[in-house]
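Descriptive analysis of the structure
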Amino acid sequence: MSEAVLSEVKDLLEPVLIERHLSLADIEYVKEGKNTFLRIYIDKDGGVDLTECGIVSERLSEKLDEHDPIQGAYFLEVSSPGAEKPLKTKQDFIDHINENVSVSLYVHIDGEKEYEGKLTDFTNNIATIDYKCKHRIKQVEIPFDKIAKARLAVML
């Protein structure tokens, strides 16, 4: 999906999210097998339920039908990002300090490309993560621009 189409979808979605006091956690446009999916992940403090997802889906579907920004057939899915919500922006990192995260990197830092642990700080575009290595707690500092993917992590 082009940036222009993605921007138009977000513009159509924004009034619905504002009205429902929701935020956009993520948006995906992916092909899986023969089918194409437009996936919208919504969130709010305390999480969202199935009813909320249904309302947003219905309202967005009407707007998409009216404006028709996407060529071809696709399935619209609206859901919560779940317990392992992706962290995409610097603000996401700031909002989730002292929570468990899983981070994949573009490059090795201290010999590793993946870290899972507690996000303890995010200052000057650097994420600080405390992680367990054998029986010790270590700390790694990761520049935001070296992070390929990040998400909240459910750790046992």
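The rules we used
Residues numbered from 1 in each chain as written. Predicted model: local features only at pLDDT ≥ 70, side-chain atom pairs only at ≥ 80, totals over all residues. Heavy atoms only, no water. Pairing = 2+ DSSP bridges. Helix = DSSP H or I, 4+ residues; strand = E, 2+ residues; numbered from the N terminus. Axes fitted to C-alpha atoms, helices over the stretch in contact; angles between N-to-C directions. Left-handed = near helix turned anticlockwise from the far one by under 90°. Contact = heavy atoms within 4.5 Å. Nonpolar A, V, L, I, M, F, W, Y, C, P; charged D, E, K, R; others polar.

1. A look at the sheet that holds strand 8 (residues 147-152)
Read from one edge of the open sheet, 5 strands run 7-6-5-4-8, paired in antiparallel fashion. Each edge of the open sheet is held by one strand with a lone partner, namely strand 7 (136-143) and strand 8. Each strand axis lies, on average, 40° off the axis of its neighbour in the sheet, ignoring direction. Looking at chain direction, strand 6 (residues 126-133) and strand 7 are connected through 8 bridges and run antiparallel. Pairing of Tyr131 across the sheet is with Lys138, part of strand 7.

2. Observations concerning the pairing of strand 4 (residues 100-109)
The side chains of a regular strand alternate, residue by residue, between the two faces of the sheet. Sheet topology note: the strand 4/strand 5 (residues 112-123) ladder contains 6 bridges and is antiparallel. Across the sheet, Val101 pairs through a bridge with Gly117, a residue of strand 5. Taken together, strand 4 and the strand that follows it, strand 5, pair antiparallel across an intervening segment of 2 residues, in which Asp110 is found at a positive phi of about 55°.

3. What to know about the packing of helix 1 (residues 3-20) against helix 2 (residues 50-67)
Where helix 1 contacts helix 2, the two axes come as close as 10 Å, and the packing angle between them is 140°. Helix 2 is crossed by helix 1, and the crossing has right-handed handedness. For the pair formed by helix 1 and helix 2, the contact residues are Glu8, Val9, Leu12, Leu13, Pro15, Val16, Glu19 and Arg20 on the first element and Glu52, Ile55, Val56, Arg59, Leu60, Lys63, Leu64 and His67 on the second. For the contact of helix 1 with helix 2, the per-class residue count stands at 9 nonpolar, 1 polar and 6 charged.

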